[in-house]
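One letter stands for each residue in the lines below.
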Amino acid sequence: RLQRPRNDRMIAGVAAGVARYLGIDTTIVRLLFLLLLLPGGLSPLVYVILWIVMPEEPAAEPHRYDPATGQPLS
């Protein structure tokens, strides 16, 4: 799914989300956004639109432990 991750962010996680969706390195997507910024200046607009449209990755449910035994609760 195309989602903005919670842990691999520089600004909003758009490049990381696109990279995960395409199965490529995040650095490549960030460089592509930078290269698209130079000639026409379309990249910031695309980035902001994706920031608004892309849902954020759901938060991981915290692990709960029994305080007496230290064992995970099911």
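Located above this text is the structure these notes cover.
Model, not experiment: these values are computed from the prediction. (Residues numbered from 1 in each chain as written. Predicted model: local features only at pLDDT ≥ 70, side-chain atom pairs only at ≥ 80, totals over all residues. Heavy atoms only, no water.)

1. Regarding the pattern of salt bridges
Summed over all chains, the structure comprises three salt bridges. The residue Glu-56 makes a salt bridge to Arg-9 at a minimum N-O spacing of 2.3 Å. A residue pair is termed long-range when its members are at least 10 positions apart, and Glu-56 in the segment after helix H3 (43–53) and Arg-9 in the segment before helix H1 (14–22) qualify at 47 residues. For Glu-56, a relative accessible area of 34% translates into the label partly exposed. Arg-20 is the partner of Glu-57 in a salt bridge, and the nearest nitrogen-oxygen pair spans 3.2 Å. Separated by 37 residues along the polypeptide, Glu-57 in the segment after H3 and Arg-20 in helix H1 bring together distant segments of the chain. For Glu-57, a relative accessible area of 23% gives the class partly exposed. (Salt bridge = Lys/Arg side-chain N within 4 Å of Asp/Glu carboxyl O. Helix = DSSP H or I, 4+ residues; strand = E, 2+ residues; numbered from the N terminus. Buried < 20%, exposed > 50% of the residue type's maximum accessible area, 1.4 Å probe, protein only.)

2. Regarding a nonpolar patch on the surface
On the surface, a nonpolar cluster with roughly 1,000 Å² of combined accessible area is contributed by Met-10, Ile-11, Leu-42, Leu-45, Val-46, Val-48, Ile-49, Trp-51, Ile-52 and Val-53. Among the secondary structure elements, Leu-45 is positioned in helix H3. (Patch = residues over 30% accessible without salt bridge, like charges linked within 9 Å, V, L, I, M, F, W, Y side chains within 5 Å. Areas by Shrake-Rupley, 256 points an atom, 1.4 Å probe, with all protein chains shown as cover.)

3. Here's the deal with the packing of aromatic side chains
In this structure the tally under the stated criterion is two aromatic pairs. A ring pair is formed by Phe-33 and Tyr-47, whose centres lie 5.5 Å apart and whose planes are at 80°; its orientation type is edge-to-face. Residue Phe-33 is located in helix H2 (residues 26–37), and its partner Tyr-47 is located in helix H3; the two are separated by 14 residues in the primary sequence. Of the residues examined, Tyr-47 reaches a relative accessible area of 16% and is grouped as buried. Ring centres 6.3 Å apart and planes at 75° place the aromatic pair Tyr-47 and Trp-51 in the edge-to-face group. (Phe/Tyr/Trp six-rings, centres within 6.5 Å; stacked < 30°, edge-to-face > 60°.)

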